[in-house]
Amino acid sequence: MGQLLRGLALRQSEEVERARRAMHEPGGSVDSMAVIDAAFELAVRRRFVPGADVREIASFVADVRVGFGPTIDVLAMEALIRQALGEETHVGDLSAKTVIELKCATLVAVHDVLSWSEADVDQLLAEVEALAKTKGFNPAIG
């Protein structure tokens, strides 16, 4: 999953396809959601500070929607971001597919806004693995 997120963030379509194929191999997607959750949380915290103004988050999400299209659920993405910043929000009724799509789109958008290098993305993934492990998961990042 980490390689898929890396490929998405860096817009490396061959890496994305290779990672997608690997996810379908036995053991290839172990603890994938933990990786997505950790990557999302860390990316959001790099872009926003806890207690960030709702208007700042709304502006970011509006820009994401421009880039990713009208299928982006603006309110759901805002709620997920605010939750990652420690606020109490209601996101329990979102489907797993929607959550994954919104979290991946957010990760890519944060990459674009902060102009991350490959080394920055690799550092984030190292931190993702460590965070997921502290939460009791054993993700296959590499």
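Cut-offs used in this document
- Residues numbered from 1 in each chain as written.
- Predicted model: local features only at pLDDT ≥ 70, side-chain atom pairs only at ≥ 80, totals over all residues.
- Heavy atoms only, no water.
- Helix = DSSP H or I, 4+ residues; strand = E, 2+ residues; numbered from the N terminus.
- Contact = heavy atoms within 4.5 Å.
- Areas by Shrake-Rupley, 256 points an atom, 1.4 Å probe, with all protein chains shown as cover.
- 1 Å grid on protein atoms, 1.4 Å probe; cavity = no way out; pocket = protein on both sides within 12 Å on 5 of 7 lines; lining within 4 Å.
- Points joined across faces, edges and corners; volume = space filled by probe spheres on them.
- Nonpolar A, V, L, I, M, F, W, Y, C, P; charged D, E, K, R; others polar.
- pLDDT = per-residue confidence, 0-100.
- Core = buried A, V, L, I, M, F, W, Y, C linked by side-chain atoms within 4.5 Å.
- Buried < 20%, exposed > 50% of the residue type's maximum accessible area, 1.4 Å probe, protein only.
- Phe/Tyr/Trp six-rings, centres within 6.5 Å; stacked < 30°, edge-to-face > 60°.
- Lys NZ or Arg CZ within 6 Å of the ring centre and 35° of its normal.

1. Comments concerning the overall build of the protein chain
- Check the secondary structure of the protein chain and you find seven helices and zero strands.
- Overall, the protein chain shows an N-to-C arrangement of helices and strands of α-α-α-α-α-α-α.
- Its C-alpha atoms give the protein chain principal-axis dimensions of roughly 40 × 30 × 30 Å.
- Taking as baseline every contact in the protein chain between residues at least 6 positions apart, the subset at least 24 positions apart corresponds to 68%.
- Carbon and sulfur atoms make up 53% of the accessible area of the protein chain, which amounts to about 7,600 Å² in all.

2. Thoughts on empty space enclosed by the protein
- Under the defined criterion, the tally for this structure stands at one cavity of 30 Å³ or more.
- Volume-wise, the largest cavity comes out at about 40 Å³.
- Lining the largest cavity we find Leu-5, Arg-6, Ala-9, Leu-107, Trp-116, Val-121, Leu-124 and Leu-125.
- By residue class, the composition of the lining of the largest cavity is seven nonpolar, no polar and one charged.

3. Observations regarding the confidence of the model for the protein chain
- When pLDDT is averaged along the protein chain, the result is 86; 92% of the residues meet or exceed 70.
- At the level of individual helices and strands, the protein chain shows its lowest average pLDDT in helix H2 (residues 13-23), which scores 79, and its highest in helix H5 (residues 74-84), which scores 96.

4. Focus on the nonpolar core
- Core analysis: the largest hydrophobic core is formed by 42 residues, its most contacted members being Phe-48, Phe-60, Met-77 and Ile-81.
- Only helix H1 (2-9), H2, helix H3 (32-47), helix H4 (54-68), H5, helix H6 (96-114) and helix H7 (118-134) provide two or more residues apiece to this core.
- Examining the composition of this core, we find that eight residues originate from one element, H3, more than from any other.
- If near-sequence neighbours (up to four positions away) are discounted, Phe-48 is found in contact with Glu-56, Ile-57, Phe-60, Ile-81 and Leu-85.

5. Here's the deal with the packing of aromatic side chains
- In the structure shown here, the tally under the stated rule is one aromatic pair.
- Between Phe-48 and Phe-60 the ring centres are 5.3 Å apart and the planes differ by 90°, which places this aromatic pair in the edge-to-face class. Taken together, the residues Phe-48 in the loop between H3 and H4 and Phe-60 in helix H4 connect sequence positions 12 residues apart.
- Its relative accessible area of 4% is what places Phe-60 among the buried residues.
- Here the guanidinium or amino end of Arg-47 rests over the ring plane of Phe-48, the centre of that ring lying 4.5 Å away.

6. Some details on the side chain of Lys-103
- With respect to the helices, strands and loops of the structure, Lys-103 is situated in helix H6.
- With sequence-adjacent residues up to four places away left out, Lys-103 is seen in contact with Ile-36, Asp-37, Phe-40 and Leu-80.

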